[in-house]
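Remarks on the overall topology
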Amino acid sequence: MQVVILDEGADLDAFSSAYGLTLLYPDTYILLPNSFEYKVRKLLKIYETKIKDKVMKKEDLDLNKVEKVFLVDSQNVPDLIKNVPIEIFDHHPKKNFSLNKNVKKHLYKTGSISTVVVEKIKRKKISIDKDDATILSSGIYEDTGGFKFKGTTPRDIKAFYYLFKSGLDVLKLKKIVTDTFDLEDTEILKEIIKNTEPLITEDKKVFISSITKRYTKDIAWLLKYVKTFEEADAYFLVVNQKSKKVIIGRSKDEKIDVGKILSEFDGGGHPFAASAVIVGFDYPEIKNFLLSFLLGKQQSVLNFLKNDLPVVESNVKIREVKNILKDFKYAVVVEKGKYVGVLTEKVVNNAIKHKLENEDAITFSEEMITIPMNTNFIQLLKTFSSYNLEILPVVKKGYYKGVVYKKDFINFISGILEDKPVFQPISKPKVLDYSNKLREFFPKDIFNIIKEVGEYAEKLGYKAYIIGGVVRDIVMGKKSLDIDIIVEGSAVDLVRNFAKAKNLNFHIYPEFMTGNITLENKIKLDFATARKEEYESPGSYPRVEKASLFEDLYRRDFTINTLAIEITKSNFGKLIDYFNGFVDIKEKRIRVLHTLSFVEDPIRILRGLRFAGRFNFKLEKKTQQLLNHAIEKDLLNFAPTGRINLELNLTFNEEKVIDILILMDKYKILYKLFSGLSVDSVKKELLIKLKDNFLLLEKLLNTSFPKASNYLYILLSGFPLEVIFNYLKKYHFEKEAKYINDFYTNLETISQTQEKFKIYQTIKSFNKDFLPALLTLLNEDKLKIILDIVEKEKNPLIKGEDLIQMGLKPSRIFKEILDDTFKRYLENSLKTKEDALSYIKKKYLQRVENEDTDSRR
């Protein structure tokens with residue numbers, strides 16, 4: 001018996017060539033894989049009777065009876081084949097692995113391997129019927145893309161023609177090879193494309209996507225319509241299925257073994273195609289796991305193993321264990337080194353309470369779930385997720401080796417560190433008299449209002465302070481009217497009472513303990529009750545409680561933003577510095593207040609570098625270490641994407657935006673937010689060019705352009721279009737996502753067009769908000785052309801009123817005349833208004849008069 005073994009995920013070309021071998025060689029059978037493309041499934045259904053005696057499943061295969069093995073459309077020799085001659089027929093490039101003497105390989109340069117099999121059938125004059133011809137033709141047609149693919153050869157066409165003459169059934173072939181998209185298919189494909197994003201690897205293109213919608217069919221056939229996947233070295237798709245997730249992996253690169261990677265998820269397959277089922281993890285977690293495997297940074301039990309718990313023999317008395325557990329919550333019970341169980345402090349205390357202190361430790365030890373030494377990261381995560389355990393004892397061949405603490409494991413995932421102050425806060429704050437500085441800094445009317453607020457706060461028994469950025473700017477001598485006031489008491493009461501007394505507009509938000517007052521000059525004062533915040537998890541919004549000024553300032557991001565100036569009447573103008581912020585400002589230093597700062601709120605990563613870039617400050621050494629740690633642990637993944645949007649918008653609107661982006665690149669933040677993005681010399685040059693284009697266009701057109709839109713388009717240029725779209729949607733840049741397709745369509749049109757008027761027409765239909773980015777990505781010649789167009793469009797030679805003055809009545813011909821004259825203006829064949837008027841009189845005036853005469857008749 002001879003067997004043709006098909007790879008997992010086999011396509012039509014693989015099946016039809018295998019079928020051809022059954023015609024060529026008697027007593028040959030096709031071994032079906034567990035999964036294959038949906039078109040193969042259609043073929044099997046149509047020709048079920050024809051092929052039922054030619055196929056078998058793995059469970060039916062008796063290896064002892066196999067005399068020879070064929071591989072088609074693949075060079076992956078299965079591990080199950082030992083000491084049996086193997087013959088390979090493939091049309092893919094040669095794979096670099098050594099062949100043993102039992103393997104004979106035939107490689108062909110054809111669009112389809114079925115072509116080669118058909119040629120052999122033709123040469124041997126083997127008789128085939130129309131069903132045989134249709135089955136064989138399906139592989140040729142599919143793998144050549146209906147003869148449209150670049151790899152199609154004359155041999156493929158000749159082989160197909162031979163099958164056509166042999167009577168292939170065109171209608172059945174069409175039914176097999178046609179991708180019939182219904183609404184469900186289309187929606188799923190859109191979701192896959194939308195969610196596609198790159199995984200960071202050093203030199204390989206690896207992508208990942210996910211779908212959350214329910215899909216009732218085999219999804220593999222859709223993946224070839226994802227252009228990014230087709231161009232990738234490897235890709236993964238995460239499919240939601242009720243309570244579980246299925247991970248599909250495909251690879252074209254021998255160095256990216258998806259079979260090995262997904263085996264870590266208890267999955268299976270081979271190096272080029274594999275899948276796994278995983279329960280209890282969300283998409284970001286799966287993505288991070290895959291990334292760690294790709295980068296060779298996967299963790300195991302050994303990374304978390306500790307041996308600090310007391311170990312007691314099984315015959316030790318409970319009273320002795322009591323003494324041992326004075327400083328511990330658990331004791332591990334062993335018998336000659338072999339693990340028996342765990343005793344907890346609570347169980348020991350209860351035993352003693354019931355006068356059982358003389359019992360052996362083994363009597364009350366609990367059988368806790370254990371894990372072996374070779375447990376991988378995913379299995380460890382599954383165990384902690386599935387069971388409510390604080391510890392997991394680790395054993396090897398029954399012997400106790402140590403313990404893994406859940407706290408350590410979770411801390412590792414989230415990057416949580418021990419919470420300590422970066423420096424010890426000053427018990428008695430530094431106080432400086434800034435009353436004259438306040439008077440000099442604020443306009444007189446604002447200064448008087450601030451003073452009155454302080455007086456009113458004191459009447460209510462409160463204390464009020466201006467705090468944060470405005471105090472920092474007062475110290476630095478930078479103008480600012482962004483005024484924040486903190487109240488020790490009730491900000492809501494102060495806002496309500498003061499605003500009513502002064503007949504000013506106000507808003508209060510009791511649930512947030514905040515409010516604001518709008519002054520007659522439209523300047524807004526923001527008020528908040530002094531409060532402290534506790535974070536439930538990295539990046540989450542905080543739980544807020546009333547607090548003192550010190551506690552409120554201690555929750556701030558950086559010391560430079562912790563200064564306060566009291567405005568209460570009795571202490572007006574006193575600058576208060578608990579955290580050495582004044583010195584940090586003078587020494588141009590960015591410093592966090594405590595070690596958990598970036599963990600509690602990862603957005604501070606972005607803010608810190610924005611301040612550093614804006615003020616030309618440096619990160620203090622410990623702060624730099626903490627920031628690097630937070631970035632390394634991907635804490636920005638825990639931050640709300642809406643807040644990332646806000647912070648990026650603020651960054652793009654900074655005067656020193658390029659300096660800030662270079663800092664973000666230095667610390668790999670752009671790389672993390674937009675997987676793989678970096679500001680190299682080419683990108684830096686584009687950013688500088690963009691900034692120049694902003695100035696140029698704003699001066700030329702006397703209008704402003706949205707900074708975020710244009711900076712994003714330039715930063716993300718070079719990524720696949722669907723990936724750019726995905727990132728824009730991810731961070732809620734909805735307008736930018738909406739116009740990205742139009743932007744690149746117009747960019748391509750202008751790049752390939754030499755005719756100035758056509759460029760003008762393209763620009764005219766183009767959303768002008770993105771004009772700076774468009775100019776940035778065009779070459780110098782096109783940039784000059786567009787600037788010339790913009791200048792001339794702003795100052796045309798002829799307008800509609802000029803035509804009316806010539807005696808022409810407004811009509812449809814106006815547009816024709818204006819477009820014609822403007823086109824000639826762009827081409828420099830008309831240079832002055834007189835030239836244009838003369839041209840119009842000569843070409844159009846008589847024609848318009850004739851049309852008017854005809855209409856009167």
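No experiment lies behind these values; they were computed from the predicted model shown.

1. Here we look at the overall build of the protein
For the protein, the helix and strand inventory stands at 38 helices and 30 strands. For 857 residues, the compact-globule estimate of 2.2 N^0.38 gives 29 Å, and the protein exceeds it by more than 25% at 37 Å. The burial tally for the protein puts 51% of its 857 residues in the buried class. Nonlocal contacts in the protein, meaning residues at least 24 apart in sequence, comprise 65% of its contacts between residues at least 6 apart. Counting every atom, the protein has about 42500 Å² of accessible surface; 50% of that belongs to carbon and sulfur. Positive and negative side-chain charges in the protein, numbering 141 and 122 respectively, have mean positions lying 2 Å apart.

2. Observations regarding the environment of Val 679
Looking at the element boundaries, Val 679 is found in the loop between α28 (669–673) and α29 (681–701). Judged by relative accessible area, Val 679 falls into the buried class, the value being 12%. With 154 residues separating them along the chain, Val 679 and Leu 525 place their C-alpha atoms 39 Å apart. For Val 679, the residues in contact, after removing those within four places along its chain, are Leu 661, Asp 665, Leu 670, Lys 684, Leu 687 and Leu 715.

3. What about the environment of Phe 611?
As for its position among the elements, Phe 611 is in helix α24 (residues 603–615). Spatially, the C-alpha atoms of Phe 611 and Val 682 are 25 Å apart, while their sequence positions differ by 71 residues. Beyond its immediate stretch of four places on either side in the chain, Phe 611 contacts Arg 472, Asp 557, Phe 558, Asn 561, Ile 590 and Asn 616.

4. A short note on the packing of aromatic side chains
Remark: the centre distance and the inter-plane angle together describe each pair of aromatic rings, the angle taken between the planes. One pass over the structure, following the stated rule, counts 31 aromatic pairs. Here the aromatic rings of Phe 558 and Phe 598 are separated by 6.5 Å at their centres, their planes lie at 55°, and the arrangement is tilted. Residue Phe 558 is located in the loop between α21 (549–554) and β27 (564–566), and its partner Phe 598 is located in helix α23 (residues 597–600); the two are separated by 40 residues in the primary sequence. A residue is classified by how much of its surface remains accessible, and Phe 558, at 0% relative accessible area, is buried. Between Tyr 739 and Phe 770, the aromatic rings sit 5.7 Å apart at their centres with planes inclined by 50°, giving tilted as the arrangement. Placement of the pair is Tyr 739 in helix α32 (residues 734–752) and Phe 770 in the loop between α33 (756–764) and α34 (771–777), with a sequence separation of 31 residues. For Tyr 739, a relative accessible area of 24% translates into the label partly exposed.

5. A word on the pairing of strand β4 (residues 68–72)
Counting buried positions over the five residues of β4 gives four, a clear majority of the element. Sheet analysis places strand β1 (residues 2–5) next to β4, joined by four bridges and oriented parallel. Within β4, the position partnered with Gln 2 by the bridge is Lys 68.

6. Let's talk about unusual backbone geometry
The phi torsion at Lys 397 lies on the positive side, around 55°, for a residue other than glycine. Along the chain, Lys 397 falls in the loop between β17 (391–396) and β18 (399–405). Judged by its relative accessible area of 75%, Lys 397 falls in the exposed class. Positive phi values are uncommon outside glycine, yet His 732 reaches one of about 65°. Locating His 732 in the fold gives a position in the loop between α31 (721–730) and α32. Residue His 732 is classed as partly exposed on the basis of its relative accessible area, which comes to 38%.

7. A short note on the packing of α29 against helix α35 (residues 780–794)
The contact between α29 and α35 brings their axes to 11 Å, and the two run at 20°. Between α29 and α35, the interaxial angle falls into the category roughly parallel. Crossing handedness for the pair α29 and α35: right-handed. In this structure, α29 uses Lys 689, Asn 693, Leu 696, Leu 697, Leu 700 and Leu 701 to contact α35, whose residues at the interface are Glu 780, Leu 783, Leu 787, Val 790, Glu 791 and Lys 794. Counted by class, the contact of α29 with α35 contains seven nonpolar, one polar and four charged residues.

8. Some remarks on the packing of helix α26 (residues 641–652) against helix α27 (residues 657–666)
Each packed pair of helices is defined by two parameters, the angle between the axes and the distance between the axes. Where α26 contacts α27, the axes come no closer than 8 Å and their chain directions differ by 130°. By the criterion of interaxial angle, the relationship of α26 to α27 is oblique. Counted together, Leu 648, Thr 651 and Phe 652 of α26 and Val 657, Ile 660, Leu 661 and Met 664 of α27 form the full contact between these two elements. For the contact of α26 with α27, a count of residues per class yields six nonpolar, one polar and no charged.

9. Remarks on a nonpolar patch on the surface
On the surface, Tyr 161, Phe 164 and Val 170 cluster together to form a nonpolar patch covering roughly 320 Å² of accessible area. Tracing the sequence through the fold places Tyr 161 in helix α6 (residues 154–165).

10. Here we look at the sheet that holds β1
Spatial ordering of the open sheet is given by β3-β2-β1-β4-β5-β6, a layout of six strands whose pairing is parallel. Of all strands in the sheet, those with a lone pairing partner are β3 (55–56) and β6 (103–107), marking the two edges. Helix α1 (residues 12–24) rests against β1, β2 (28–31), β3, β4 and β5 (86–90) of the sheet, and its axis sits at about 160° to β2.

11. Some words on a positive patch on the surface
Taken together, Lys 45, Lys 130, Lys 172 and Lys 175 make up a surface patch of like positive charges. Take Lys 175: it is sitting in helix α7 (residues 170–177). Its relative accessible area of 57% is what places Lys 175 among the exposed residues.

12. A word on the pattern of salt bridges
Evaluated as defined, the whole model comprises 34 salt bridges. In this structure, the salt-bridge partner of Arg 591 is Asp 584, at a minimum N-O distance of 3.1 Å. For the pair Arg 591 and Asp 584, one class covers both residues: buried.

13. Some details on the environment of Leu 626
Position of Leu 626 among the secondary structure elements: in helix α25 (residues 621–632). Residue classification places Leu 626 among the buried residues on the basis of a relative accessible area of 6%. Sequence separation of Leu 626 and Glu 455 is 171 residues, and the distance between their C-alpha atoms is 42 Å.

14. Considerations on the sheet that holds β27
The strand order across the open sheet formed by eight strands is β19-β28-β27-β20-β21-β24-β23-β22, and the pairing between neighbours is mixed. With partners counted over all chains shown, the strands left at the sheet margins are β19 (430–433) and β22 (505–509), one partner each. Recorded for the sheet is a direction-independent mean angle of 25° between the axes of neighbouring strands. As defined by bridge partners, strand β20 (residues 463–467) adjoins β27 across three bridges and the pair is classed as antiparallel. The partner of Tyr 465 across the bridge, within β27, is Glu 566.

15. Description of helix α11 (residues 283–294)
Taking 1.5 Å per residue as the helical rise, α11 with its 12 residues ought to reach 16 Å, and the 16 Å between its terminal C-alpha atoms agrees with that figure. Every buried residue of α11 is accounted for by Tyr 283, Ile 286, Lys 287, Phe 289, Leu 290, Leu 291, Ser 292 and Phe 293. Just past α11, the residue Gly 296 takes up positive phi, approximately 70°.

16. A closer look at the confidence of the model for the protein
Mean pLDDT over the protein works out to 86, with 91% of the residues at or above the 70 mark. Confidence drops under pLDDT 50 across residues 535–541; counting only partners more than four residues distant or on other chains, this segment forms 22 contacts.

17. A short note on the pairing of strand β23 (residues 514–518)
Counting buried positions along β23 gives four out of five residues, so the element sits mostly inside the fold. One ladder, built from five bridges, connects β23 with strand β24 (residues 524–529); its direction is antiparallel. Across the sheet, the residue bridging to Asn 516 is Asp 526, located in β24.

18. Section: helix α8 (residues 183–195)
Helix length check: α8, at 13 residues, gives a terminal C-alpha distance of 18 Å against a target of 18 Å (1.5 Å per residue), a fit within 8%. Among all positions in α8, only Asp 185, Ile 188, Leu 189, Glu 191, Ile 192 and Asn 195 are buried. Across the axial projection of α8, the buried residues extend over an arc of 160°, all falling on one side. Residues of α8 that are exposed and point over 90 degrees away from its buried face: Leu 183 and Lys 190.

Analysis parameters
Throughout, a residue's number is its position along its own chain's written sequence, starting from 1. Totals for whole chains, interfaces and linings use every residue, but because this is a predicted model, local features are given only for residues with pLDDT of at least 70 and side-chain atom pairs only at 80 or more, for both listing and counting. Water and hydrogen atoms were dropped before computing side-chain values, which therefore reflect all heavy atoms in the structure. Strands are runs of DSSP state E lasting at least 2 residues, helices are runs of H or I lasting at least 4, and numbering of each runs from the N terminus. Using C-alpha atoms as the atom set, the radius of gyration is obtained and then compared with a globule rule of 2.2 Å times the number of residues to the power 0.38. Burial status follows relative accessibility: with a 1.4 Å probe on protein chains alone, a residue under 20% of its type maximum counts as buried, one over 50% as exposed, and anything between as partly exposed. Only heavy atoms matter for contacts: two residues are in contact if any of them lie within 4.5 Å across the pair. Per-residue and other accessible areas were derived by the Shrake-Rupley procedure at a 1.4 Å probe size, with only the shown protein chains allowed to occlude residues. In this tally, Asp and Glu contribute negative charge and Lys and Arg positive charge; neither His nor the terminal groups of the chain are included. Working definition for charges: the position is that of NZ of Lys, CZ of Arg, CG of Asp or CD of Glu. By convention, a stacked pair of Phe, Tyr or Trp rings (six-membered ring in the case of Trp) has centres within 6.5 Å and planes under 30 degrees apart, an edge-to-face pair has planes over 60 apart, and any other such pair is tilted. When DSSP finds at least two bridges between two strands, those strands are taken to pair. Between the N-to-C directions of two axes lies an angle of 0 to 180 degrees, each axis being a line fitted to C-alpha atoms and, for a helix, fitted only over the stretch in contact. Our angle categories are set so that under 35 degrees counts as roughly parallel, over 145 as roughly antiparallel, 65 to 115 as roughly perpendicular, and the remainder as oblique. For any pair of crossing helices, the crossing counts as left-handed if the nearer helix is rotated counterclockwise from the farther one by less than a right angle, and right-handed if it is rotated clockwise. Side-chain classes are defined by residue name, with Ala, Val, Leu, Ile, Met, Phe, Trp, Tyr, Cys and Pro counting as nonpolar, Asp, Glu, Lys and Arg as charged, and the others, Gly among them, as polar. Patch building starts from residues that exceed 30% relative accessible area and form no salt bridge, then joins like charges within 9 Å and nonpolar side chains (Val, Leu, Ile, Met, Phe, Trp, Tyr) within 5 Å. Counted as salt bridges are all cases of a side-chain nitrogen of Lys or Arg within 4 Å of a carboxyl oxygen of Asp or Glu. Helix span, as expected, comes to 1.5 Å for every residue beyond the first. Values of pLDDT, which run from 0 to 100, indicate the predictor's confidence residue by residue. The directions considered for the arc run from the helix axis to the C-beta atoms.

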